[in-house]
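Fold and geometry: a report
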Amino acid sequence: MGIPGVFFNYEISPMLIVHHERRQAFAHFLTSMCAIVGGVLTVASILDSFLFRAHNVVKNSSNGSTVKMM
């Protein structure tokens, strides 16, 4: 009679990991930096526009005037 339970049998085989390090060209680095800076400026511009409009809505609603949305 066997022992009750759940048994796992793993077959461990050797594994080889090959890692090659390769430098990227300076043009690729420069392109990546321009993309990051452009993305940051775009998000900052959208955030600035949103905050400017929200500020105007709050300012105009406290004065009792109508809000002009573009």
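As shown above, the structure is provided for reference.
All values derive from a computational prediction rather than experimental measurement. (Residues numbered from 1 in each chain as written. Predicted model: local features only at pLDDT ≥ 70, side-chain atom pairs only at ≥ 80, totals over all residues. Heavy atoms only, no water.)

Some words on the overall build of the protein
- Along its length, the protein carries one helix and zero strands.
- For the protein, the proportion of its 70 residues judged to be buried stands at 0%.
- Entry remark: accessible area of the protein is about 7,600 Å², with carbon and sulfur atoms responsible for 66%. (Helix = DSSP H or I, 4+ residues; strand = E, 2+ residues; numbered from the N terminus. Buried < 20%, exposed > 50% of the residue type's maximum accessible area, 1.4 Å probe, protein only. Areas by Shrake-Rupley, 256 points an atom, 1.4 Å probe, with all protein chains shown as cover.)

A word on the packing of aromatic side chains
- In this structure the tally under the stated criterion is one aromatic pair.
- Consider the rings of phenylalanine 26 and phenylalanine 29, whose centres lie 6.0 Å apart with planes at 40 degrees: the pair is tilted. Note that phenylalanine 26 and phenylalanine 29 are positioned in helix H1 (residues 26-63) at a spacing of three residues, about one turn of the helix.
- Residue classification places phenylalanine 29 among the partly exposed positions, given a relative accessible area of 44%. (Phe/Tyr/Trp six-rings, centres within 6.5 Å; stacked < 30°, edge-to-face > 60°.)

Things to note about a nonpolar patch on the surface
- Side chains of Phe26, Phe29, Leu30, Met33, Ile36 and Val40 sit close together on the surface and give an oily, nonpolar patch of about 610 Å² of accessible area.
- Inspection of the secondary structure puts valine 40 in helix H1.
- Classification of valine 40 by relative accessible area gives exposed; the value is 53%. (Patch = residues over 30% accessible without salt bridge, like charges linked within 9 Å, V, L, I, M, F, W, Y side chains within 5 Å. Salt bridge = Lys/Arg side-chain N within 4 Å of Asp/Glu carboxyl O.)

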